[in-house]
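Each chain, letter by letter, is given below.
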Amino acid sequence: MTDKTAIEKEAARIAEQGESAPRLARDPVNLPMINNWLEVIGDRHPGYTEVAPPAMVQVWTMGGLHGQRAPDDPLGAMMKILDEAGFTSVVATNSDQTYHRYLRIGEHVSVTSSLEDVTGPKKTALGEGWFVTTRSTWYVGDEAVAEMRFRVLKFRPAEKQETKPEPQKAQAIRPSINRDTEYFWEGCRNQELRIQRCGGCGLLRHPPGPMCPECGATKPKYLVSDGRGVVYSYVVHHHPQVPGKQTPFVIALVELDEGVRMLGELDGEPSIGLPVEVVFTKVDDELTMPSWRPRADR
Amino acid sequence: MNAAIVGIGATDFSKNSGRSELQLAAEAVSAALRDAGLTPSDVDGLVSFTMDTNAEIAVARELGIPELTFFSRVHYGGGAACATVQQAAMAVETGAAKVVVCYRAFNERSGHRFGQVQTAAAANIDNSWSYPMGLGTPAAMVAMFARRYMHEYGATSEDFGRIAVIDRKHAATNPHAWFHNRPITLDDHQASRWIAEPLRLLDCCQETDGGVALVVTSADRARDLPQKPAHVKAATQGSGPDQFTMTSYYRDDLTRLPEMGVVARGLWERSGIGPSDVDVAVLYDHFTPFVLVQLEELGFCGRGEAKDFVASGALELDGDLPLNPHGGQLGEAYLHGMNGIAEGVRQVRGTAVNQVADVEHVLVTAGTGVPTSGLVLGAS
Ligand SMILES: [Zn+2]
């Protein structure tokens, strides 16, 4: 049995159950709640001293902060079925209310609801889903005083995997840059791979820092690397997704000819010892990222 | 050291605790105090470690601990697990506190997931040399070491897999383990998907919701308490040359964990025992390759020989060095090493579900690839 026929069968079963048992409002129609509602909505009409604003009808039978759906509530039952079929997200699309008369203070309303229609699956901008329509009727005693047709779209969120759009470079994780590291990123913007060189003893160091661990000098300078080296180790990253990257991708730890190691994405088949060279990719005006590619002359 | 672990406590280990991290912490501490035969008013010290959202004062409030004279939080996440006991033991020895509780609690699976890319972590300058390049998960960071280790010593994915198989075998008979009754074979390991090559899914520990707490007091006081004390024979931290958190890629040798070497030296010196005196090893196993490197750093085998040591069956419950009898973090739960310390205490007490016979000394290590720590617990 397909999902479609299974869902339709369940929908028919719930619809056949008809109206749920009447659920009585927590409180009778009352002036304090009317005043609160008018204040929230911003309605300054002075006429609501004996009767309630019709559009307030749903308020009387709301479940409260800790309310739970009644076991025979058709919308709850249908939601559960669609959840289980993978249509896990919901958005309300229509709410049409009809008022037969004003409700008077002191009247105690109850509400029933039934499942009117379930159609699908439909392809929507949000993803494939089912439109579920319920009809609610408010009663005072046996007299119907208001009705509402309420429609929701219960959908399966569109899978980003399906289309695999080119990841936006702008989404990539950006480095933090401070006065100790700015020279490196400035270099990348100028298509230069810079390695910190101690102004005192000449020690090459990456990642850089403000004080030379060899001689204690605080005069860091830099040299511009040839950007050539070999892969010292590497990872092929599969899971989880990484912002701005399309999996699987390779990250290589490269030992540069100058002797320091540096991480970067590698565009190519990885192996330890593979000769590589640096490539610069501009992300935006502030950020250019260095990465590696196999050397043509290898 | 004149200190002992006299109480252990834990919540259930799950994937969705359904309660706040503070509640988990409070429940674990409460259970540990009950186990120790102590009450919140006996406690005057609390220790946790970074990446725990539960402030010491918040835990004190929930438990009704009236006053604290010592509170401390150790850095570098899982690497600090055993260091909490070191802090507590030092506090007890110096008189800074009389009863110190160490705790860890989080919703690491249902809440903030540790295995995902922590974009915010890139704000750290050190991380700016790795995260923006796409190296942003603990698994990937360890995989970089593992690839080089394989290259240098000829270790294979199967060699890593044997650690997972042992842990899951031990977890299978531990009712508290998430993977209770669910052992795996080496074939299962080899069939599991790549996470960050050369690491497969079954090389990586779980993400867990839960809490663990340990009660530390002086050895003198321990004598008057109901449980058999697990004496802190040695506790030390370790950081190595040119140390980074998870990405110490700029040292000469990528096949070692020098910070664990520092811990090993400290433990053997201070406890007066050596590798051959260890009856049970609880080694931090967030990722299998680092269990092999730890065996080498701690002196159980030579460099590059861990794969043969593991294949020899030494780590089985009836082997020379029973490993993680509770199932480790691959099998029981990933409480950043704290559940491993609790297992060490049970092995010393003789109350573990997979009890090793006649345990005199248990070695426990903390997180690897980061500045780390270790413990030797003793029965006397
Ligand atoms: Zn210098």
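By the naming in an unreviewed UniProt entry, chain A is DNA-binding protein, taken from Lentzea flava.

Caption draft 1: Geometry of the overall build of chain A. Of the regular secondary structure elements, chain A holds 6 helices and 15 strands. Since a compact globule built from 298 residues should have a radius of gyration of about 19 Å, the 33 Å found for chain A marks it as more spread out than a globular shape. Principal-axis analysis of the C-alpha atoms places the extent of chain A at approximately 95 × 55 × 30 Å. Taken over 298 residues, chain A has a buried fraction of 42%. Look at the contacts in chain A between residues 6 or more apart in sequence, and 62% of them connect residues 24 or more apart. If you sum the accessible surface of chain A, you get close to 16,400 Å²; carbon and sulfur atoms cover 50% of it.

Caption draft 2: Examining the overall build of chain B more closely. Along chain B, the regular secondary structure elements total 12 helices and 11 strands. Scaling as 2.2 N^0.38, a compact globule of 380 residues should have a C-alpha radius of gyration of about 21 Å, and chain B matches this with 19 Å. Overall size of chain B, expressed as C-alpha extent along the three principal axes, is 55 × 45 × 40 Å. Within chain B, one finds 29 positive and 44 negative side-chain charges whose respective centroids are separated by 3 Å.

Caption draft 3: Structural detail: the UniProt feature "domain: ChsH2 C-terminal OB-fold" (unreviewed entry) in chain A. Here the UniProt feature "domain: ChsH2 C-terminal OB-fold" (unreviewed entry) sits at residues 226–280 of chain A. The span residues 226–280 of chain A is 0% helical and 55% strand by assignment, and the distance between its end C-alpha atoms comes to 13 Å.

Caption draft 4: How the structure looks around the packing of aromatic side chains. This structure, assessed with the given rule, holds 11 aromatic pairs over all chains. Connected via pairs of aromatic rings, a cluster forms that spans B:Phe145, B:Phe244, B:Tyr249, B:Tyr250 and B:Phe290. In this structure, A:Arg156 is placed above the aromatic ring of A:Phe87, and the distance from its NZ or CZ to the ring centre is 4.5 Å. Note that B:Arg168 overlies the ring of B:Phe179, its terminal NZ or CZ placed 3.6 Å from the centroid.

Caption draft 5: Spatial organisation of the interface of chain B and chain A. Taken together, the contact pairs 36 residues of chain B with 35 residues of chain A. Summing both sides of the interface, chain B and chain A together bury roughly 3,200 Å²; the carbon and sulfur share of this comes to 67%. Residue contributions to the side of chain B that touches chain A peak at 7 residues, all from helix H4 (residues 138–153) of chain B. Of the residues belonging to the side of chain B that touches chain A, the class tally is 19 nonpolar, 9 polar and 8 charged.

Caption draft 6: How the structure looks around the packing of helix H1 (residues 21–36) of chain B against helix H2 (residues 56–63) of chain B. Residues and elements named next belong to chain B. Two numbers describe how H1 lies on H2: the axes approach to 9 Å, and their chain directions differ by 65°. Pair H1 / H2 crosses with right-handed handedness. Along its contact with H1, which presents Leu22, Ala25, Ala26, Val29 and Ser30, the element H2 presents Ala58, Val59, Glu62 and Leu63. Split by residue class, the contact of H1 with H2 holds 7 nonpolar, 1 polar and 1 charged.

Caption draft 7: Fine view of helix H2 (residues 31–41) of chain A. Residues and elements named next belong to chain A. Every buried residue belonging to H2 is among Ile34, Trp37 and Leu38, and all of these are buried. Considered in projection along H2, the buried side chains sweep an arc of 100° and stay on one side of the axis. H2 presents Pro32, Glu39 and Val40 as exposed residues on the side facing more than 90 degrees away from its buried surface. Contact partners of the buried residues in H2: strand E2 (51–52) and helix H3 (57–60). Measuring from the side-chain oxygen of the N-cap residue of H2 to the backbone nitrogen of Met33 gives 3.0 Å; that N-cap residue is Asn30. Residue Gly42 follows H2 closely and has a positive phi angle near 85°.

How each quantity is defined
Residues numbered from 1 in each chain as written. Chains lettered and ligands numbered in written order. Predicted model: local features only at pLDDT ≥ 70, side-chain atom pairs only at ≥ 80, totals over all residues. Heavy atoms only, no water. Helix = DSSP H or I, 4+ residues; strand = E, 2+ residues; numbered from the N terminus. Rg over C-alpha atoms; globule rule 2.2 N^0.38 Å. Buried < 20%, exposed > 50% of the residue type's maximum accessible area, 1.4 Å probe, protein only. Contact = heavy atoms within 4.5 Å. Areas by Shrake-Rupley, 256 points an atom, 1.4 Å probe, with all protein chains shown as cover. Lys, Arg positive; Asp, Glu negative; His and termini not counted. Charge placed at Lys NZ, Arg CZ, Asp CG, Glu CD. UniProt positions renumbered as here; feature names shortened; annotations may be inferred. Phe/Tyr/Trp six-rings, centres within 6.5 Å; stacked < 30°, edge-to-face > 60°. Lys NZ or Arg CZ within 6 Å of the ring centre and 35° of its normal. Buried area = accessible area lost by both parts, 1.4 Å probe. Nonpolar A, V, L, I, M, F, W, Y, C, P; charged D, E, K, R; others polar. Axes fitted to C-alpha atoms, helices over the stretch in contact; angles between N-to-C directions. Left-handed = near helix turned anticlockwise from the far one by under 90°. Arc of directions from axis to C-beta. Polar contact = N/O pair within 3.5 Å; in protein donor to acceptor, adjacent residues only side chain to side chain.

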